[in-house]
Amino acid sequence: MRLADPLSPQYQTASLEVSPCLGEPLIEMANIVKTFKSAAGEFTALKGVNACFYPGEFVSVVGKSGSGKSTLVNMLTGIDHPTSGVVRVGETRIHQLSESRMSLWRGRNLGIVFQFFQLLPMLSLVENVVLPMDLCEMYPPAEREGRALELLRMFGLEGYAHSLPDAVSGGQQQTAAIARALANDAPIIIADEPTGNLDSRTADGVFEMFKNLVRQGKTIIMVTHDSSLASQTDRLMILSDGELIGEHVARALSSFPHKRLLWIEHHLHRQHILAGESLTAQGAFPYGLLLVASGSLEVSFDQNRNAGIAPVILRPSELLTRYDLTQMGDAISGLRAAPAGEAEVLSLSMEDFEQWMNEFPVDREKFKARARQLQEKWSQAEPQAAATEGA
Ligand code: ADP
Ligand code: MG
């Protein structure tokens with residue numbers, strides 16, 4: 001069997017590694033499937049996406065072109081309907097709203113930046129920014145233009161306020177579109193590649209602006225191609241072929257191609273362990289790869305073979321492979337949740353891991369090199385300090 005096994009029937013039950021929703025999410029996507037039907041046939045662009053977004057978070061969504069990012073954004077904004085599944089924003093199940101209530105709801109609650117800026121060509125920049133305030137009757141009419149000018153000034157566009165979009169550069173149009181998204185002071189900003197058409201200085205300025213808005217309490221979901229911007233947000237979501245890669249897989253295995261991460265996602269097993277409880281019988285490691293999803297995992301080494309080596313604590317998004325243990329002489333004496341609280345671990349079986357390694361020998365070398373580095377680090381760690389060391 002090849003790693004990238006086509007798996008259509010599986011996707012309804014997939015998303016093994018979607019993080020469970022903690023606390024009260026502001027936005028929840030539950031089992032979103034989107035199938036496009038055309039003369040050429042059907043195409044499923046989102047295959048059962050589950051995701052939560054929390055108030056005040058800055059989340060970036062990345063993925064190859066065609067992976068479903070814009071489709072996902074259109075589900076969140078209500079611009080397009082899912083084939084099945086529910087999107088809840090605050091108290092509202094948005095796809096149950098009528099068209100007219102939806103556009104009012106959208107205008108008041110969401111600031112949207114589209115991938116391809118959509119300023120109205122017959123309106124000046126300032127008129128474009130005033131428009132959402134007019135449509136949703138936000139702010140007293142006499143204040144709207146002043147507010148729009150203030151927003152344009154924030155982006156250095158005050159000199160172009162009365163120009164038509166065509167008379168300014170693409171970057172300036174995009175910046176004006178961002179100003180327009182802020183017009184109604186909506187609590188949620190959804191931006192589809194907002195910096196895609198900007199030079200790097202303007203892009204950095206926009207990103208700083210977004211960070212400021214998050215500090216002021218806004219929630220931002222930003223699709224981006226720019227991995228350096230993505231890495232600066234609170235959380236990264238990877239879409240691959242219409243499926244979301246779990247947060248821990250994305251973080252722990254970020255150097256592998258998205259297709260491989262998706263395969264891992266489909267083969268992971270999830271286990272809960274109570275505080276202090278052992279995951280396996282003493283000394284056993286019946287996994288290829290183990291990844292901590294929550295809580296922490298304590299690995300202790302057999303002191304007959306690894307005298308003086310202190311237990312290692314693995315925290316969320318940290319992993320252990322069987323090569324790490326082989327390197328340590330295959331001698332562990334314990335694998336348990338730390339006494340402080342329960343833990344959740346994700347694992348790949350020995351067989352699945354072996355299949356991956358056989359198919360991609362380069363990956364095997366990567367993991368083996370990592371194991372050698374870990375052995376060195378663990379062997380040198382002071383017993384007390386080891387409790388704070390991850391992998
Ligand atoms: P991304 O934004 O990640 O580049 P999209 O969400 O735009 O990807 O598209 C995901 C997939 O869905 C692509 O293969 C695209 O061709 C397809 N798709 C998007 N919109 C439509 C549509 N209206 N009709 C048919 N296929 C579509
Ligand atoms: Mg797109």
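Residues numbered from 1 in each chain as written. Chains lettered and ligands numbered in written order. Predicted model: local features only at pLDDT ≥ 70, side-chain atom pairs only at ≥ 80, totals over all residues.

### Considering the site of ligand 1
And step 1. Every residue near ligand 1 is listed here: Phe36, Ser38, Phe43, Ala45, Gly63, Ser65, Gly66, Ser67, Gly68, Lys69, Ser70 and Thr71.
And step 2. Listed by contribution, the elements that provide at least two residues to the shell around ligand 1 are strand S1 (27–38), strand S2 (41–53) and helix H1 (69–77).
And step 3. Considering each element in turn, the shell around ligand 1 owes the most residues, three residues, to H1.
And step 4. Its residues assigned to classes, the shell around ligand 1 shows three nonpolar, eight polar and one charged. (Near = placed C-beta within 6 Å. Helix = DSSP H or I, 4+ residues; strand = E, 2+ residues; numbered from the N terminus. Nonpolar A, V, L, I, M, F, W, Y, C, P; charged D, E, K, R; others polar.)

### Overview of the sheet that holds strand S10 (residues 243–245)
And step 1. Spatially, S6-S7-S8-S3-S9-S10 is the arrangement adopted by the six strands of the open sheet, whose pairing is mixed. The open sheet has two edge strands with one neighbour each: strand S6 (110–113) and S10. Here the average twist between neighbouring strands, direction ignored, is 20°.
And step 2. Note: S6 against strand S7 (residues 188–192), four bridges, orientation parallel. Counted as the bridge partner of Leu110 is Ile188 from S7.
And step 3. Sheet strands touched by helix H5 (residues 170–181): S6 and S7. Its angle to S6, the strand with the most contacts, is close to 170°.
And step 4. Sitting on the sheet, helix H9 (residues 258–267) touches strand S9 (235–240) and S10, and the angle it makes with S9 is about 90°. (Pairing = 2+ DSSP bridges. Axes fitted to C-alpha atoms, helices over the stretch in contact; angles between N-to-C directions. Contact = placed C-beta atoms within 7 Å.)

### A short note on the pairing of S1
And step 1. As paired elements, S1 and strand S4 (residues 84–89) share five bridges and run antiparallel to each other. What sits directly across from Val33, in S4, is Ser84.
And step 2. Two strands pair when backbone bridges link them, and S1 and S2 are joined in this way by ten bridges, in the antiparallel orientation. Along S2, the bridge assignment pairs Ile32 with Val49.
And step 3. Joining the antiparallel neighbours S1 and S2 is a turn of two residues.

### Structural notes on the packing of helix H3 (residues 125–136) against H5
And step 1. Relative orientation of the contacting elements H3 and H5 amounts to 25°, with a least axis distance of 8 Å. Classified by the interaxial angle, the pair formed by H3 and H5 is roughly parallel. Seen from above, H3 lies across H5 with right-handed handedness. Residue-level inspection shows Leu125, Asn128, Val129 and Pro132 of H3 in contact with H5, the latter providing Ala176, Ala179 and Arg180. (Parallel < 35°, antiparallel > 145°, perpendicular 65-115°, else oblique. Left-handed = near helix turned anticlockwise from the far one by under 90°.)

### Brief notes about the domain arrangement of the chain
Frequently, the measure chosen for interface size is the accessible area removed from exposure when the parts meet.
And step 1. Domain annotation for the chain reports domain 1 (55–75 + 99–262) and domain 2 (268–388).
And step 2. For domain 1 and domain 2, the distance between their C-alpha centres works out to 41 Å.
And step 3. Taken together, the contact pairs five residues of domain 1 with eight residues of domain 2.
And step 4. Partitioned by chemical class, the residues of the side of domain 1 that touches domain 2 number three nonpolar, one polar and one charged. (Domains from an automatic or database assignment.)

### Points about the packing of helix H2 (residues 99–109) against H3
And step 1. Running from N to C, H2 and H3 point in directions that differ by 125°, and their axes come no closer than 9 Å. When the axes of H2 and H3 are compared, the pair comes out oblique. Judged by the twist between their axes, the crossing of H2 over H3 is left-handed. In contact with Leu104, Gly107 and Arg108 of H2, H3 contributes Pro132, Leu135 and Cys136.
And step 2. Residues of the contact of H2 with H3, tallied by class, amount to four nonpolar, one polar and one charged.

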